[in-house]
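Topology and contacts: notes
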Amino acid sequence: MLGIEAKTVYDILSEIAGDTEVYKIIDAEEVLEKLPDGFSLTKIQLSQMIRELKDLEYVDVKYFTPDEYCLQIVRRVEVAPVQTGVAVQAKPSEKQERVLYGEKKDKEEKKQASVKLGAVFFMAFLGAFLGSAIVATVTAIIIKFVL
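Residues numbered from 1 in each chain as written. Predicted model: local features only at pLDDT ≥ 70, side-chain atom pairs only at ≥ 80, totals over all residues. Heavy atoms only, no water.

**As for the overall build of the protein**
Within the protein one finds 5 helices and 3 strands. Order of helices (α) and strands (β) in the protein, N terminus to C terminus: α-β-α-α-β-β-α-α. For the protein, with 147 residues in total, the buried portion stands at 20%. For the protein, the accessible surface area stands at approximately 12200 Å², while carbon and sulfur atoms represent 59% of it. (Helix = DSSP H or I, 4+ residues; strand = E, 2+ residues; numbered from the N terminus. Buried < 20%, exposed > 50% of the residue type's maximum accessible area, 1.4 Å probe, protein only. Areas by Shrake-Rupley, 256 points an atom, 1.4 Å probe, with all protein chains shown as cover.)

**Here's the deal with the nonpolar core**
Counting 23 residues, the largest nonpolar core has V9, L13, L46, I50, L53, L71 and I73 as the members making the most contacts within it. Breaking this core down by element, the ones donating at least two residues are helix 1 (4–17), helix 2 (28–33), helix 3 (43–55), strand 2 (59–64) and strand 3 (68–73). The residues touching I73, leaving out its near neighbours within four places in the chain, are Y10, L13, S14, A17, G18, D19, Y58 and V59. (Core = buried A, V, L, I, M, F, W, Y, C linked by side-chain atoms within 4.5 Å. Contact = heavy atoms within 4.5 Å.)

**Details of the sheet that holds strand 1 (residues 24–27)**
A sheet is described by the order of its strands in space; here 3 strands give the open sequence 1-3-2, paired in antiparallel fashion. Looking at the sheet topology across the chains shown, the edges are occupied by strand 1 and strand 2. The mean inter-strand angle of the sheet, taken between neighbouring strand axes irrespective of direction, is 35°. By the bridge criterion, 5 bridges tie strand 2 to strand 3 in an arrangement that is antiparallel. (Pairing = 2+ DSSP bridges. Axes fitted to C-alpha atoms, helices over the stretch in contact; angles between N-to-C directions.)

**A look at the environment of L53**
As for its position among the elements, L53 is in helix 3. The spatial distance from the C-alpha of L53 to the C-alpha of A6 is 7.3 Å, given a sequence separation of 47 residues.

**Regarding the packing of aromatic side chains**
Here the structure, examined in full by the defined rule, presents 2 aromatic pairs. With a centroid separation of 5.7 Å and 70° between ring planes, the pair formed by Y10 and Y58 is classed as edge-to-face. Placement of the pair is Y10 in helix 1 and Y58 in the loop between helix 3 and strand 2, with a sequence separation of 48 residues. Among the residues examined, Y10 registers a relative accessible area of 0% and is labelled buried. Residue class for Y58 comes out buried when judged on its relative accessible area of 12%. Geometrically, the ring pair formed by F64 and Y69 is tilted, given 6.0 Å between the ring centres and 40° between the ring planes. (Phe/Tyr/Trp six-rings, centres within 6.5 Å; stacked < 30°, edge-to-face > 60°.)

**Observations regarding helix 1**
In this model helix 1 runs 20 Å from its N-terminal to its C-terminal C-alpha over 14 residues, within 8% of the 20 Å that 1.5 Å per residue would give. Of the residues making up helix 1, those classed as buried are A6, T8, V9, Y10, I12, L13, S14 and A17. Looking at the buried residues of helix 1, the elements they touch are strand 1, helix 2, helix 3, strand 2 and strand 3. Just beyond helix 1, the residue with positive phi is G18, at close to 80°. (Expected span 1.5 Å × (residues − 1).)

**Some words on helix 3**
A rise of 1.5 Å per residue sets the reference length of helix 3, with its 13 residues, at 18 Å; its end C-alpha atoms lie 18 Å apart and thus fit the reference within 8%. Within the span of helix 3, buried status applies to L46, S47, M49, I50 and L53. The buried residues of helix 3 occupy an angular sector of 160° when projected down its axis, which confines them to one face. Relative to its buried face, helix 3 has exposed residues pointing more than 90 degrees away, namely I44 and D55. Packing partners of the buried residues in helix 3 comprise helix 1, helix 2, strand 2 and strand 3. (Arc of directions from axis to C-beta.)

Structure below.
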């Protein structure tokens, strides 16, 4: 969660740089001039704020010096909703089993394939029987007409 000073610096940076996905070169003096009257930051403190925003992935910094910054705004700051005294009950979460990706996929396939073992054996036996009958028929035809 951002502090008030960091959020103010972020708002100023997003105002100057815009929401486009392009890196902008921003002068430190320009940012310091746009600070509200209650805030006073030095260039070093401003650099620390921008580094904090970079670490929290609010901005992407290509390079920065104490006097200028080349950065891009990555995401918007989200303000937490204010609760007005309404009690909210948390839903009981179901305990989920942790499994590897491959095992999870196998379990899902097993749930979907609900064929009985006897049916699989019967179909395999029927396939083998039909295959043998076809081979025997072709062999009988070849022997009768060719030989």
